[in-house]
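# Survey of secondary and tertiary structure
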Amino acid sequence: MDNRTPNPYEPLTPPLADAKDAAAVNQDARQTTGDGPTGDGPTGDSPTGDGWGEDAWAILLGLGVIAIALATVSVAGDSISGRFDQPGKWSDWPLDAFFGKSPIPLWQASLGAIVAIGVLGIPAMFATHRLARSGAFWRITAGYVAIATLATVAFVMAGQVVVKQYGFEYVIWALLLGLVISNTIGTPVWMRGAVRGELFIKWGLVLLGAEVLLGKLVALGVPGIMVSWVVTPIVLVVTFWFGCHVLKIRSPSLVMVVAADMSVCGVSAAIATAAACRAKKEELSLAIGLSLGFTAIMMVVMPLAFRFAGVDDIVGGAWIGGTIDSTGAVAAAGAALGDRAMKIATTVKMIQNVLIGVIAFAVSVYWAAKYETDSDSETSGARKTTGGLMAEVWRRFPKFVLGFLAASLIASMISWSGSAGESLIDSAVGDCTKHLRNWLFCLAFVCIGLETNFRTLLPALSGGKTVVLYVVGQSFNIFLTGLMATIVFGWLFRDAITRWLP
Amino acid sequence: MTDAVAAMTESRRGGAWRLAAILITAIAFWGWLFPWISTWPATRQRIENTERLGINPSAIYYTDIFRYPADFPTADFPKSGFHREPPPGGPKHSAGP
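Residues numbered from 1 in each chain as written. Chains lettered and ligands numbered in written order. Predicted model: local features only at pLDDT ≥ 70, side-chain atom pairs only at ≥ 80, totals over all residues. Heavy atoms only, no water.

### Notes on the overall build of chain A
- Broken down by element type, chain A carries 22 helices and zero strands.
- Counting across all 502 residues of chain A, residues that qualify as buried make up 62%.
- Taking all contacts inside chain A whose residues are at least 6 apart in sequence as the whole, residues at least 24 apart take part in 79%.
- Surface exposure of chain A reaches about 17700 Å², of which carbon and sulfur atoms provide 70%. (Helix = DSSP H or I, 4+ residues; strand = E, 2+ residues; numbered from the N terminus. Buried < 20%, exposed > 50% of the residue type's maximum accessible area, 1.4 Å probe, protein only. Contact = heavy atoms within 4.5 Å. Areas by Shrake-Rupley, 256 points an atom, 1.4 Å probe, with all protein chains shown as cover.)

### Comments concerning the overall build of chain B
- Secondary structure summary: chain B contains two helices and zero strands in total.
- Going through the 97 residues of chain B one by one, you find that 38% of them count as buried.

### Observations concerning the pattern of salt bridges
Residues and elements named next belong to chain A.
- Following the criterion strictly, the structure yields nine salt bridges over all chains and no others.
- With a closest N to O distance of 3.1 Å, R494 and D312 form a salt bridge. Here D312 lies in the loop between α12 (281-309) and α13 (313-323) and R494 lies in helix α22 (residues 494-500), a separation of 182 residues in the sequence.
- Judged by relative accessible area, R494 falls into the partly exposed class, the value being 26%.
- Note that D339 and K343 form a salt bridge whose closest N and O atoms lie 3.7 Å from each other. Taken together, the positions of D339 and K343, both in helix α15 (residues 339-375) and four residues apart, correspond to about one turn of that helix.
- Looking at D339, the relative accessible area reads 41%, which means it is partly exposed.
- The buried category is assigned to K343, whose relative accessible area is 16%. (Salt bridge = Lys/Arg side-chain N within 4 Å of Asp/Glu carboxyl O.)

### Points about the packing of helix α2 (residues 54-76) of chain A against helix α3 (residues 106-127) of chain A
Residue and element names in this part refer to chain A.
- Direction vectors running N to C along α2 and α3 enclose 165 degrees, while the axes themselves pass 11 Å from each other. As summarised for this structure, α2 and α3 are arranged roughly antiparallel, according to the angle between their axes. With respect to the hand of their crossing, α2 and α3 are arranged in right-handed fashion. Contacts between α2 and α3 involve W57, L61 and V65 from the former and L120, A124 and A127 from the latter. (Axes fitted to C-alpha atoms, helices over the stretch in contact; angles between N-to-C directions. Parallel < 35°, antiparallel > 145°, perpendicular 65-115°, else oblique. Left-handed = near helix turned anticlockwise from the far one by under 90°.)

### Remarks on the environment of Q86 of chain A
Residue and element names in this part refer to chain A.
- Along the polypeptide, Q86 turns up in the loop between α2 and α3.
- Each C-alpha atom of the pair Q86 and V212 lies 21 Å from the other, and the pair is 126 residues apart in sequence.
- When sequence neighbours within four positions are dropped, the list of residues in contact with Q86 reads L106, S110, F155, H435, N438 and W439.

### Topic: the packing of helix α9 (residues 222-246) of chain A against helix α21 (residues 465-492) of chain A
Residue and element names in this part refer to chain A.
- Running from N to C, α9 and α21 point in directions that differ by 160 degrees, and their axes come no closer than 9 Å. The angle between α9 and α21 falls in the class roughly antiparallel. α21 is crossed by α9, and the crossing has right-handed handedness. Across the interface between the two elements, P223, G224, M226, V227, V230, V231, I234, V235, V238, T239, F242 and G243 of α9 pack against L469, V472, G473, F476, N477, L480, T481, M484, A485, V488, F489 and L492 of α21.

### Looking at a nonpolar patch on the surface
- Together, F99, W107, L111, V115, V119 and L120 of chain A give the surface a local cluster of nonpolar side chains, amounting to about 570 Å² of exposed area.
- One can find L111 of chain A in helix α3. (Patch = residues over 30% accessible without salt bridge, like charges linked within 9 Å, V, L, I, M, F, W, Y side chains within 5 Å.)

### Description of the packing of aromatic side chains
- Under the defined criterion, the tally for this structure stands at 15 aromatic pairs over all chains.
- Clustering of aromatic rings is evident, with ring pairs tying together F168 and W173 of chain A together with F29, W30 and F34 of chain B. (Phe/Tyr/Trp six-rings, centres within 6.5 Å; stacked < 30°, edge-to-face > 60°.)

### A word on the environment of I478 of chain A
Residue and element names in this part refer to chain A.
- Mapped onto the secondary structure, I478 falls in helix α21.
- Of the residues examined, I478 reaches a relative accessible area of 27% and is grouped as partly exposed.
- Placed 159 residues apart in sequence, I478 and W319 show a C-alpha to C-alpha distance of 7.5 Å.
- With near-sequence residues (within four places) excluded, I478 lies in contact with M298, W319 and T323.

### Examining the side chain of K164 of chain A
- Secondary-structure assignment places K164 of chain A in helix α5 (residues 161-165).
- If sequence neighbours within four positions are ignored, K164 of chain A has contacts with K89, A158 and G159 of chain A together with N56, P57 and S58 of chain B.

### Quick notes on the nonpolar core
- If you look at the biggest cluster of nonpolar residues, it comprises 164 residues, and the most contacted ones within it are Y144, L205 and L284 of chain A.
- Filtering out sequence-adjacent residues up to four positions away, Y144 of chain A remains in contact with I114, I117, G118, I122, M125, A194, F200 and L443 of chain A. (Core = buried A, V, L, I, M, F, W, Y, C linked by side-chain atoms within 4.5 Å.)

### Focus on helix α6 (residues 170-184) of chain A
- The terminal C-alpha atoms of α6 of chain A lie 21 Å apart, and with 15 residues this matches the ideal 21 Å at 1.5 Å per residue to within 8%.
- Trailing α6 of chain A by a residue or two, G186 of chain A shows a phi angle of about 85 degrees, which is positive. (Expected span 1.5 Å × (residues − 1).)

### Points about the side chain of T323 of chain A
All names here are of chain A.
- Relative to the helices and strands, T323 is located in helix α13.
- Looking at T323, its side chain comes within polar contact range of the main-chain oxygen of W319, at 2.6 Å.
- When sequence neighbours within four positions are dropped, the list of residues in contact with T323 reads M262, M298, M302, Q474, N477, I478 and T481. (Polar contact = N/O pair within 3.5 Å; in protein donor to acceptor, adjacent residues only side chain to side chain.)

See below:
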């Protein structure tokens with residue numbers, strides 16, 4: 001008997017499907033995601049049962065894209081610039097999002113990204129399709145086109161200047177678009193072959209690895225490290241303990257995703273941690289919704305409160321950088337306190353961002369060792385007799401994390417090799433992989449929305465305990481970061497910082 | 001059985017109506033309300049400030065920030081003991097608007 005937490009990518013049961021449709025839909029969903037009666041969980045699943053499956057494809061595709069981007073930039077210089085992008089900012093007329101000041105119109109660059117992901121991703125989706133039936137390839141292709149269209153609409157919605165101003169990223173609109181469709185008319189059966197949120201997330205996370213440059217750490221200085229690396233793990237662990245033992249929230253993965261989301265760097269940390277601890281899609285959706293809602297409030301309120309309370313810009317900048325979830329919001333809130341505060345806030349946030357890899361790796365190991373093996377009663381007996389704990393941990397370990405770490409190490413080593421290496425990474429990431437990563441996350445959240453029933457979101461709220469968890473954790477984060485920022489930025493390193501930023 | 005089919009058809013029709021209502025609301029928000037709010041002086045000033053600083057408030061990750069402070073890679077604190085030369089021409093993402 002399998003007592004593990006329910007599969008996040010459980011078969012689809014749209015509210016409006018009749019019994020016959022529902023049976024076909026569920027059959028199709030099991031075939032699509034590789035989960036079935038013998039399904040092994042949302043990550044590390046494989047139709048072939050080798051424990052790699054989508055993870056191997058995510059690593060292959062992610063590292064492949066990074067290699068191609070690096071090779072292209074090395075050979076052809078900046079010719080890749082502007083080839084991939086997403087719809088941009090607009091104020092009055094939505095179609096302005098497809099035309100910008102860039103030399104290549106944004107509609108072409110967006111189409112370039114969609115085609116690139118499709119060309120690489122559709123074969124991967126087809127290969128990991130459990131039962132390849134006739135016509136499956138074309139159904140996957142048609143589904144991908146529809147999902148990419150929804151992702152484009154999400155980018156356009158996020159690009160409106162007012163929406164953008166308050167930090168409501170494309171992920172929330174992608175999620176809502178999917179939710180609206182799945183909870184009104186139901187996700188059409190023909191789209192289901194391409195509803196592969198997990199593949200898109202893992203692929204995007206491997207690409208994100210190339211943006212986590214370990215070299216930034218040593219360049220950014222000790223004070224930021226002291227604030228980010230001391231406070232963040234403490235807040236993460238305390239919030240996790242509080243959620244599990246005081247609030248007694250039943251799902252530890254939900255608690256972990258909210259804790260990482262709130263203590264590390266918002267949406268990207270939530271995505272990485274959710275994949276590492278195999279959180280349910282509803283839990284990830286909820287954590288991101290909470291984060292974006294509170295970020296919009298904090299980015300306006302914190303600078304005002306600091307001005308009112310007379311907190312100086314050095315301490316205020318560090319405080320903002322360590323507490324507000326989203327990187328862009330940190331920059332905006334810091335700028336509201338002044339240029340120096342913005343620099344310090346963004347510095348602290350960048351150092352915190354580097355933690356994403358360490359946290360994701362630690363969580364994946366902890367989860368594989370504690371929750372996954374504990375709950376698998378069929379294998380635990382064999383594990384005790386054979387002492388194969390490490391083998392069990394490895395079997396349960398979300399392998400894509402290795403791709404994330406490999407991408408980070410490769411990019412860091414190239415960046416560290418000198419100024420040419422740094423320029424190479426900057427171009428490959430800035431012109432190519434980060435745009436593809438944005439598209440992949442957007443596609444992933446459309447898929448998550450298409451797979452989610454509103455009714456399944458209610459249990460994730462745990463009767464409001466999730467909101468309490470976020471508020472308590474964030475309050476503790478604000479207190480501890482403020483204390484540390486005052487000690488480090490306001491006292492220990494104040495003179496040095498004043499010399500650096502007069 | 002006939003009742004069940006009729007209920008299902010009714011439910012589908014209800015779903016289509018709900019979708020249409022949501023679409024119309026979204027079009028009203030993005031087509032009229034948000035563009036109107038963007039003309040408010042306070043909003044316009046806030047938008048202009050972040051544009052002037054090259055900040056994308058909705059950036060999901062630091063590489064999404066159009067501009068981060070020009071001296072980031074050399075942001076070395078004297079007591080840290082580390083120093084790093086800037087790349088030629090400054091950091092890639094440091095170009096202002």
